[in-house]
Protein chains: 4
Amino acid sequence: MKIGMIGLGKMGYNLVQNLLRNGHEVVVNDVNPEPGQQLAKVGAEFAASIEEVAAKLTTPRIVWLMVPAGNIVDQVIDRLIPVLEAGDIVIDGGNSHYKESIARAERLSAKGIQFFDVGTSGGTEGAAQGGCFMIGGDRVTFGVIEPLFQAIAIDNGYLFAGKIGSGHFLKMVHNGIEYGMMQAIAEGFEVLSKSDFDYNYEDVARVWSNGSVIRSWLMELTENAFSKDPQLDGIRGVMQSSGEGKWTVETALDLEASTPVIALSLLMRYRSLETDTFHGKVVAALRNEFGGHAVVRS
Amino acid sequence: MKIGMIGLGKMGYNLVQNLLRNGHEVVVNDVNPEPGQQLAKVGAEFAASIEEVAAKLTTPRIVWLMVPAGNIVDQVIDRLIPVLEAGDIVIDGGNSHYKESIARAERLSAKGIQFFDVGTSGGTEGAAQGGCFMIGGDRVTFGVIEPLFQAIAIDNGYLFAGKIGSGHFLKMVHNGIEYGMMQAIAEGFEVLSKSDFDYNYEDVARVWSNGSVIRSWLMELTENAFSKDPQLDGIRGVMQSSGEGKWTVETALDLEASTPVIALSLLMRYRSLETDTFHGKVVAALRNEFGGHAVVRS
Amino acid sequence: MKIGMIGLGKMGYNLVQNLLRNGHEVVVNDVNPEPGQQLAKVGAEFAASIEEVAAKLTTPRIVWLMVPAGNIVDQVIDRLIPVLEAGDIVIDGGNSHYKESIARAERLSAKGIQFFDVGTSGGTEGAAQGGCFMIGGDRVTFGVIEPLFQAIAIDNGYLFAGKIGSGHFLKMVHNGIEYGMMQAIAEGFEVLSKSDFDYNYEDVARVWSNGSVIRSWLMELTENAFSKDPQLDGIRGVMQSSGEGKWTVETALDLEASTPVIALSLLMRYRSLETDTFHGKVVAALRNEFGGHAVVRS
Amino acid sequence: MKIGMIGLGKMGYNLVQNLLRNGHEVVVNDVNPEPGQQLAKVGAEFAASIEEVAAKLTTPRIVWLMVPAGNIVDQVIDRLIPVLEAGDIVIDGGNSHYKESIARAERLSAKGIQFFDVGTSGGTEGAAQGGCFMIGGDRVTFGVIEPLFQAIAIDNGYLFAGKIGSGHFLKMVHNGIEYGMMQAIAEGFEVLSKSDFDYNYEDVARVWSNGSVIRSWLMELTENAFSKDPQLDGIRGVMQSSGEGKWTVETALDLEASTPVIALSLLMRYRSLETDTFHGKVVAALRNEFGGHAVVRS
C-alpha cells in the first residue's frame, strides 16, 4: 500500500524504514526536511508539506501521524482536513490522550474522514524491527489498513481493540503498568544496593532475565544499562515522566479504581525531581516542636 | 507517694518536676549526676546509683525507668533485680518495644516483682504540665500506682489499657498514627507551596487550628514552627525517625493489617535521608534504554 | 449587616442561625421552602425566590451561596446576574472547585459584581457555633464583608487567604489533609483490632484525645463514634468521598507534588467501595499460573 | 554426578526429573513415599529415610533440600548432621529466609559441612524444563556443584551471587519485585475493567506480550489465565502470600530503603483477605460525626 507519514522523529523515522522494508510505499514529511531527505535515499517519497503528502496519495488516502501529542496533532489535522476528502483515513500513532482522540474522530467524521487511534509500544527498536500496536476505530474500515500492521508489527503484535479511543486508552494503561514494573524493578535493586552483600548488578539482571518469574524486556534492558555503567555512577536518579502515567492515575481516579502501585510509581517520580522537599521540612520542624528532636540545618 | 525515677533526660526530668509539684516524693538518679543535683534543689532526693535508689525507698518500692529504649532498660533492670524484692514495682515509661516489655515482665515476675509498661505521650511539655499515659500490667496492682497518674496526667489523660505489653503497644500505634498525621499535614503544605497562590503558612496553620475539621495539636505546632521561620528556610527536609513508626509497620505486617498511610509515611522518611537514590538511577537508565529519553548526568 | 443566604441545607441553615444570633439580618431562600419558613420563625426574612432575595436587599447587596458544588452554583449565579448590579457582592461558601470559582469571578466581574470564594470547615457544628473560613477575593472589598466572619467564625477562625480561588484551594487542601489524618487514625485502630490485646476503643480514643501528640478534633469524634457503637458493628467500612480529596490529588499531580499519603487515603476509599476486585482476581490467577497456588473459587 | 534430593513436592519432583534427564543420578526421599516411588520408575534411586539418602551417596555427599521453609529445614538438617561428614555439601533450594540460611551455614560449618543457599525461580515449569538459580556460599566449593546448575538451569539461568545468604536474599528481593510487577499488571486490568471500552482481556494480554515494553513472562501467564476464564469469573480476588514479599519489606525497613511499590503490593494483598475492614468503619463513622454523611448499615 501507499501511505503518508507525517512526523519523522525517532519513532516515525523507524516506522517508515520498517514499512519500506516490508514492501509498502511511504510519502514522508516533517517540519524538519532532513529526515525526509534521508528516507528518500532508501525509497521513501519526499513531500515538502502536509498538503503535498495529500497530493501524492490516491484515494482513499491513508495518512499516519507520528507527531508529539497535544496541539501539534490538532494543527496537522487542521491542515489535513482541507486537502483530504470523504473516505480518506487518518491514523494517529502518537501518545495522544484518548479523550482527544475521540474528539478528533468526531471532527474528522463531520467531513467523512475515518480516524484510528493507535497506541504504539516497543520503543524505537520496536518501531524499526517490529512493534506492538493497539488500535481503536471503525472495525470494518480497519480491514483497509490492517495490512500495514501485518507488515510492521511483530507476530501477534497488533490488536484491534474496539471503538475509537480504545487504542490510546490501552496504550495509556500500558504505560501505567510500565511505570509500576519499572519502579518495582528499581526498588529491588535499591534493596540490593543497601544490603551487606556485594552483588554485580549486571549479573543479577542477567540471571533474572533467564528463567525467572520476573523475566521481562525491562529486565533485559536493566542488564544492558548495568553493562554500560555497572553502578550507574554516571547518571542521577531523576525520573522524568512524559504524561501517560499521570493520565492513567487521573483516569483511575475518575473511574474510582484503586491503583496504588501505579500512583506511587508516579509520585516517586515527582519526588525524584527534588533534592529537598517542603513536606520534609514541615515534618522535621514538627518533630523538633513536640520532641525537641534535632533538625538538619540548611 | 514516694518513688524512684531512673533516667533524667528531657522526659524524666520534666516528669520529676511534675510529680514534685503534685505532692509526691521522688528519689532521682541518672548516669549523669547533674540533672539529679538540679532536681535536688527543688525537692527531689538525689541518689548516686541505681542501688541507692532502691535503698532510699520503702516497700513496696516503686521505681520508674525513663531511659532510652533497648539494652539500657535491660541493664538497669539487671541492676535493680538484686536490690528489689517481691512485691516491688518497676514502671518502664520509655518507648520500649512491647515484646521486650512482655519479656521483661516475665523476668521480673520470676522474683515476684510487678512490671508496668507505660507509653508516654505529649512531648516534653506534656511531661512537665500534664501528659498522656497508656498503661499495661496487672489490673489489681495498678491501683497502687494509680495516684501517680492522677497527679501527672492531664484530665482523662491516662488509661489502664490491659495486660502487660498493651501500654507500649498502644504508644507504638499512637506513634504510627502520628507519622501519618504529620505526613498528611506536610503534604498539604507541599501542595500549597507549589501552587500559584501566595499563602502565609503561619496564617494558614492558625486558621486550620481554629474551628476546622483538622484542628489538632500538631497543627498548632505547625503554626509555631512557621512563626519562627516563615518558609522553613533554615532547615532541611530530612525526616529522621526513632523506631516506633517502623515497629508499627512491622507489627501491621505480622498482623496482616493493611496500613498504607502509616507505611508510606515511614518510607517517605527513609526517602528523605537521601538526596539521590539508586532506584531513581535504575528508572532513569531504563527510560533511556527503551525510549532514548535523556538522563541527567551526575 | 443584612445579607441574603441561598441554600439552607445542613450548613446554610446553621450559618443563618449563627448570623442571626450575632446580630445580622438574613434574607433566606432555598428550593425547598420549609427550612426558610422555619428560620423565619427565629428572625430571618423569607424569600420565595432568588430574585426576591435580591429585591429584599439594599446596595451593595451581599448574597451568600451555600448550595451543592457544581452546576447548581452556576444556575444560581445565572439567575442572580440579572437582578444584581455593579458593586454587589456574591460569596460562595460551598465546596466549589477553585478553578470554577476563578471562572465565576471573571463572569461576575464583567458586570462589576465582586466574588469571594469561601472554604468553610468545622462541620455542621462549626457552622452553628463558630466555624473556620478561608477566603479568597479582592482584599479591599473584603473589608466590607469582614464583619460577617467576625460574627460567625471562632476566634482566629477566618483568614483572608489571597486572590480569588485561594479560599477554595485552601479548603480543598484542608480536605486532602483530612483524608490523610482520618486514614491514619483508622489504620491505628485497624492494628489495635487485629492485636492480641483487648482494647476498649472508646477509652483509647479518649486517652489519645487528652494530652497526646495526636490529640485532635478528629480523635474526639472517634471517641464519640465508639461511645455510640463500641465495635462499630452497626456500620460497614464503605468510605464514600465527596470530591475534594480527589481534587487535591489531581492538583498535586498537576503541580508535580509528591503526596503519597493523601493519594493512598483516597485510593483506599475507592477500594472500600468493592467487596472483591478485578485486580485481586488477576493476581490470584497469576499465582496459580506460575506456582500452582490455590485460588479461592467464587 | 550423584546427589540426594530430600523433598519431592511440586518443585523437588520436577527438579529430579530435570536432573535425571540431564544425566545425573538422584537418590530421592520425601516424608510421603509415593513421589519417590514414581521417580524410581524413571531412574531415581528411592530412599526410605533421610539417613538412607546419606548412606546411598559417596563422599563428598551432596544433599539438596527442597522442603517447606522454616522449621522443617532445621529438622532435616538435624537428622543429616549425624550421617554426614566433613567435606559433604548441603544445598537448600527452598524459600528460606536468608538470615536462617546464614545461621544454618554456621551450624553445619561446625562439622565441616559446606552449605549453599539457592534461590529457585521459574515456577514448577522452570524446575522441570530449565529454571533460574541464585546461589550463595563458598566460591571455591561452588565449582564442585556447578555442573548441577549447568544441567538444570536455562542458559545464563544461574548465578553464583556471593557469600552465604546472598542466594536467598536475591530470591527474596526477586519475589518482592514479582509482587510489584503482578500488582502493576493487575491494576492495569482493573482500570480496563472499569472503562467504557469493551476489551477482550486475553487479546490485550497477548498483544502486550508481543513487542510491547511490558512484555514479560507474567504477561504471558496473564494471557493464559484469561484464555481459561475470560473474565476470571470463577475465582475471587483473594491474594494470598507466602512470606517472601513480607520479608522483602521487613528487610527494606531494616535497611531504610524506600520501597513504596513493593510495600503497597503486599498491603493490598492483606487488604484483599477481608471483605470489610475496621479502618473503613472508623473513617465512615468519622464522616458521619463531622459532616452528617450517611453510613452504610451492616
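Attention here is on the structure that accompanies the text. Only a predicted model underlies this, so the values are computations on that prediction, with no experimental measurement involved.

## Thoughts on the interface of chain C and chain D
Turning to step 1, where the next piece is worked out: Opposite the 61 residues of chain C that make contact, chain D presents 61 residues.
Turning to step 2, where the next piece is worked out: With both sides pooled, the region where chain C packs onto chain D buries about 5,600 Å², and carbon together with sulfur makes up 62% of that total.
Turning to step 3, where the next piece is worked out: Close ionic contact of Lys228 of chain C with Glu289 of chain D constitutes a salt bridge, the shortest N to O distance being 2.6 Å.
Turning to step 4, where the next piece is worked out: Secondary-structure elements contributing two or more residues to the side of chain C that touches chain D are α6 (123-129), α8 (166-194), α10 (217-228), α12 (260-272) and α13 (278-291) of chain C.
Turning to step 5, where the next piece is worked out: Split by residue class, the side of chain C that touches chain D holds 25 nonpolar, 20 polar and 16 charged.

## Quick look at the relation of the copies chain C and chain D
Turning to step 1, where the next piece is worked out: Superposition of chain C onto chain D requires a rotation of 180 degrees combined with a translation of 0.0 Å along the rotation axis, giving an RMSD of 0.0 Å. Within this description, the copies of the chain are treated as partners about a two-fold rotation axis. Closest approach to the rotation axis among the C-alpha atoms of chain C is made by Thr275 of chain C, whose C-alpha sits 2.5 Å away.
Turning to step 2, where the next piece is worked out: Of the residues that chain C buries at the interface, 100% are likewise interface residues in chain D, meaning the two copies contact each other through the same surface.

## Remarks on the sheet that holds strand β3 (residues 45-46) of chain D
Residues and elements named next belong to chain D.
Turning to step 1, where the next piece is worked out: One open sheet holds the eight strands; their spatial order is β3-β2-β1-β4-β5-β6-β7-β8, and the pairing between them is mixed. Every interior strand has two partners, whereas the edge strands, β3 and β8 (153-162), have only one.
Turning to step 2, where the next piece is worked out: For strand β7 (residues 131-136) and β8, the ladder comprises five bridges, and the chain directions are parallel. Bridged to Met134 within β8 is Leu159.

## What about the packing of helix α1 (residues 10-21) of chain A against helix α2 (residues 33-41) of chain A?
Residue and element names in this part refer to chain A.
Turning to step 1, where the next piece is worked out: Packing of α1 against α2 leaves a shortest axis separation of 11 Å and a crossing angle of 15 degrees. Between α1 and α2, the crossing angle belongs to the class labelled roughly parallel. Where α1 crosses over α2, the handedness of that crossing is right-handed. Of the residues in α2, those touching α1 at Tyr13, Val16 and Gln17 are Pro35, Gln38 and Leu39.

## Concerning the interface of chain D and chain A
Turning to step 1, where the next piece is worked out: Listed as interface residues are 69 residues of chain D and, on the opposing side, 69 residues of chain A.
Turning to step 2, where the next piece is worked out: Contact with chain A buries surface across chain D, with Val191, Phe197 and Val213 of chain D losing the most and accounting together for 12% of the total.
Turning to step 3, where the next piece is worked out: At the boundary of chain D with chain A, the tally comes to zero salt bridges.
Turning to step 4, where the next piece is worked out: Per-element tally for the side of chain D that touches chain A: the top contributor is helix α8 (residues 166-194) of chain D, with 18 residues.
Turning to step 5, where the next piece is worked out: Of the residues belonging to the side of chain D that touches chain A, the class tally is 36 nonpolar, 21 polar and twelve charged.

## What about the sheet that holds strand β3 (residues 45-46) of chain A?
In a beta sheet, neighbouring strands are held together by backbone hydrogen bonds and run either parallel or antiparallel to one another.
Residue and element names in this part refer to chain A.
Turning to step 1, where the next piece is worked out: A sheet is described by the order of its strands in space; here eight strands give the open sequence β3-β2-β1-β4-β5-β6-β7-β8, paired in mixed fashion. Each of the sheet's edge strands pairs with one partner strand only, and the pair in question is β3 and β8 (153-162).
Turning to step 2, where the next piece is worked out: Against the sheet, helix α4 (residues 71-80) engages β1 (2-6), β4 (62-65), β5 (89-92) and β6 (114-121), with an angle of about 160 degrees to β4.

Cut-offs and rules
Residues numbered from 1 in each chain as written. Chains lettered and ligands numbered in written order. Predicted model: local features only at pLDDT ≥ 70, side-chain atom pairs only at ≥ 80, totals over all residues. Heavy atoms only, no water. Contact = heavy atoms within 4.5 Å. Buried area = accessible area lost by both parts, 1.4 Å probe. Salt bridge = Lys/Arg side-chain N within 4 Å of Asp/Glu carboxyl O. Helix = DSSP H or I, 4+ residues; strand = E, 2+ residues; numbered from the N terminus. Nonpolar A, V, L, I, M, F, W, Y, C, P; charged D, E, K, R; others polar. Least-squares fit on C-alpha atoms with pLDDT ≥ 70 in both. Pairing = 2+ DSSP bridges. Axes fitted to C-alpha atoms, helices over the stretch in contact; angles between N-to-C directions. Parallel < 35°, antiparallel > 145°, perpendicular 65-115°, else oblique. Left-handed = near helix turned anticlockwise from the far one by under 90°.

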